[in-house]
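Chain residues, written in single-letter form:
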Amino acid sequence: MARVTIHTDPMLSRRAFLATTSGALAGAAACGLVSQAEASKRHPQRGGTLRFATRGDASGLDPHRNFINLVSVPLAATTQGLIDINLKSEPVPAIAAEWDASPDLLTYTFKLRKGVLFHNGREVDAEAVKWNFERIQDPKIGHPFTRSALSNLKETQAMDKYTLRCVLHEPSAAFLADLVYYPCNLIAPDSAEQANMHPIGCGPFKFVRWERHSITELIRFENYFETDAEGNSLPYLDGIIGRPKKEDQVRLTSLRAGEVDLIDNIAYTDAADFAKKYTGKFQTWEVPTLATSFLIFNLGKGPFTDKRLRLAAAHAIDHEAVKQAVFYGRGEVARGVYAPASPWHAAGAKPWPEYDPEKAKSILQKAKAVGTEVLLQSLNSFPYLQQTAELVQHMWSEVGFKATLNLYEEPVLNQKRRDRDFHADSTSGSYRWDPDGWFSRQLLSSAPSNWSSFKDEKADKLIAEARRTVDKKKRLELYAAVESIVNEELPILYIHHLTALQAGAMNLKGYQPAISGPFSTRGGGIRTAWLA
């Protein structure tokens, strides 16, 4: 087997830039985004501060210790890593300009760009990356989500100043996706002591100040390495003011009042007619594959250890009713973890049990399980999760279950998952850059986040084979086979592919989020945004 080597020019060429952005821009033009042709007539202006209202905020500043969501946390604009993502949410070169994978997929060697700097002026070299990876892997420091991305990394070696070698425990064709700046972002090695007060990253914007749930202030990093098609340094904006506002209506009101320039999500109730209602007043951008909602069944203890009851529960779910009632017809019914808009959509999987309440009733009667008590839980902070859970509770009660719904704060809910102290869980999973990030962490028998306690030898073998398979077509076939097992055995019942509708002021130009929602991407997002 030949080595796999990828080379990329450090400068994003005009042809590459247009190829990356034109498709997404064309798809969004109908929603108010200027076309590529129109944009090319107006040279971006440098300067201005973007006021950005988001649903979420970080729980702390140290990006290794805390969860810095790159869709709804303004601090994500300060981060960067070895690998970036493009507008299609595909891993692409960043600080690593090129790499080489050994034939056995156990060793990856990266050539770093020269001259890339942290915000304090220190160069991002191989020793700095090594220090970051080892810090992330430290169980006393790394956030579990971030640490899980490097669980397969056995050793990091700095071969010379600009050459980094990563040795893996097991062969993996998915390793590049593990190194994307979300979650494996880099901070200056000499800044660890101040990371909780003033993080020093290497992203397009520098940290200024932060007041949790109130304000995030960032300024342009004048030495960021990415350039536009003409060789001008990015980003164009002078700064960002992040205004976390949890309530959908509060964010929308702020946009309409001219208090902010961009909001990361519009409530499904408003998204249905927003673009039509506000044509010429605000722009909108579709995010077609934000996440997937699903139900987890506890196969380790409780009533759903009986597959017949899982079948009855699945037959009771009217997916189309959930789509209309909860999501107002937006998005798509999920038959697997990846939506059709994703490059990792695995077509051909066998479907889950169809909606048939009479069959559900019959199964319960034959199993002498009518009136079985089931405890359904969900997170209390996202309306769509609560609304989905309420509908599921009603549907299950209609066919003969005695369903009880409990809503919990995130720390309590996570503890119940760790203790497997539930019967079913209405939840969702965010987009993963490679399917292995989902299957190996959620469905593999040995995965710590396998909350369903699902154990299937065939599925484990398929997941392991897919991880060490380079050919994408073959990998998709393997993942389709895993999805078929999931839809038959029902450790998880996929419900809906979530979308988002972002909105902004008419004078915001050059902005386009990735198909999964990130606002900072290679050749797009806030890096190429400017204010007219």
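Residues numbered from 1 in each chain as written. Predicted model: local features only at pLDDT ≥ 70, side-chain atom pairs only at ≥ 80, totals over all residues. Heavy atoms only, no water.

1. Some points on the side chain of K206
Of note, K206 is situated in strand β9 (residues 205–211). By relative accessible area, which is 17% here, K206 ends up buried. Looking at K206, its side chain comes within polar contact range of the side chain of E222, at 3.3 Å. Once you skip the residues sitting within four places of it in the chain, K206 turns out to touch T78, H119, E217, L218, I219, R220, F221 and E222. (Helix = DSSP H or I, 4+ residues; strand = E, 2+ residues; numbered from the N terminus. Buried < 20%, exposed > 50% of the residue type's maximum accessible area, 1.4 Å probe, protein only. Polar contact = N/O pair within 3.5 Å; in protein donor to acceptor, adjacent residues only side chain to side chain. Contact = heavy atoms within 4.5 Å.)

2. What to know about the confidence of the model for the protein
Predicted confidence across the protein gives a mean pLDDT of 91, with 92% of residues reaching 70 or more. Note that pLDDT drops below 50 for residues 1–41; the model gives that stretch 61 contacts with residues more than four away or on any other chain. (pLDDT = per-residue confidence, 0-100.)

3. Considerations on the pattern of salt bridges
Taken as a whole, this structure holds 27 salt bridges when the rule is applied. In this structure, E286 engages R330 in a salt bridge whose closest nitrogen and oxygen atoms are separated by 2.8 Å. Of this pair, E286 sits in strand β13 (residues 282–297) while R330 sits in the loop between α9 (319–327) and β14 (332–333), placing them 44 residues apart in sequence. (Salt bridge = Lys/Arg side-chain N within 4 Å of Asp/Glu carboxyl O.)

4. Concerning the packing of aromatic side chains
All chains considered together, the criterion is met by 26 aromatic pairs. Ring geometry for Y182 and W433: centres 6.3 Å apart, planes at 80 degrees, overall edge-to-face. Linking Y182 in the loop between α5 (175–178) and β9 with W433 in the loop between β17 (424–430) and α13 (436–442), this pair joins segments that are 251 residues apart in sequence. By the burial criterion, Y182 is buried, and W433 matches it. Both rings, one in W285 and one in Y511, keep their centres 5.1 Å apart while their planes meet at 90 degrees; by these two values the pair is edge-to-face. Within this pair, whereas W285 is found in strand β13, its partner Y511 is found in the loop between β19 (508–509) and β20 (520–521), the two being separated by 226 residues in sequence. By relative accessible area, which is 0% here, Y511 ends up buried. (Phe/Tyr/Trp six-rings, centres within 6.5 Å; stacked < 30°, edge-to-face > 60°.)

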